Amino acid sequence: MIILREQETAQTLNAIIYGSDADTIVLRDEETNIETEIECVFSIYKYYATTSVILPIKENKYYTLSIKDSTRGGNIVYKDKIFCTNQNLETYSINKDAYVQHTTTNEYKIYE
């Protein structure tokens, strides 16, 4: 899974693709099932394909990422999942602001 931020500047994507060429990114919003196709230029070095692209993603949403190669008939050469969050990635927690500790007045005794 790839974790990205919601931002208006380009983000770098790295992928190990099947084949030697890629030129299209297809993002599918998993909630609405709407696909967005983005043409981009990939740099290929050995097995890695790298591109910098502005992605139309929103915070706290999941997307399916497909990278296609139009020279091979639009075949998918890479597939992954993206989660968009604006939390700091070093301290990322899926439970941020979701867990509330409850206090209780229950008392108990332990007999030894």
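Residues numbered from 1 in each chain as written. Predicted model: local features only at pLDDT ≥ 70, side-chain atom pairs only at ≥ 80, totals over all residues. Heavy atoms only, no water.

1. Considering the packing of aromatic side chains
Phase 1 of the analysis: Across all of its chains, the model carries one aromatic pair by this definition.
Phase 2 of the analysis: Summarising the aromatic geometry, the rings of Tyr62 and Phe83 are spaced 4.7 Å apart at their centres and angled 35° between planes, so their arrangement reads as tilted. Residue Tyr62 is located in strand β7 (residues 61-69), and its partner Phe83 is located in strand β8 (residues 75-84); the two are separated by 21 residues in the primary sequence.
Phase 3 of the analysis: Phe83 gets classed as buried once you look at its relative accessible area, which sits at 8%.
Phase 4 of the analysis: We note Lys81 situated over the ring of Tyr62; from NZ or CZ to the ring centre the distance is 5.5 Å. (Phe/Tyr/Trp six-rings, centres within 6.5 Å; stacked < 30°, edge-to-face > 60°. Helix = DSSP H or I, 4+ residues; strand = E, 2+ residues; numbered from the N terminus. Buried < 20%, exposed > 50% of the residue type's maximum accessible area, 1.4 Å probe, protein only. Lys NZ or Arg CZ within 6 Å of the ring centre and 35° of its normal.)

2. A look at the sheet that holds β7
Phase 1 of the analysis: An order of β1-β8-β7-β3-β4 is seen for the five strands of this open sheet, with the pairing classed as mixed. Two strands bound the open sheet, and with one partner strand each, they are β1 (2-4) and β4 (35-39). Neighbour-to-neighbour, the strand axes of the sheet open up by a mean angle of 30°, direction not taken into account. (Pairing = 2+ DSSP bridges. Axes fitted to C-alpha atoms, helices over the stretch in contact; angles between N-to-C directions.)

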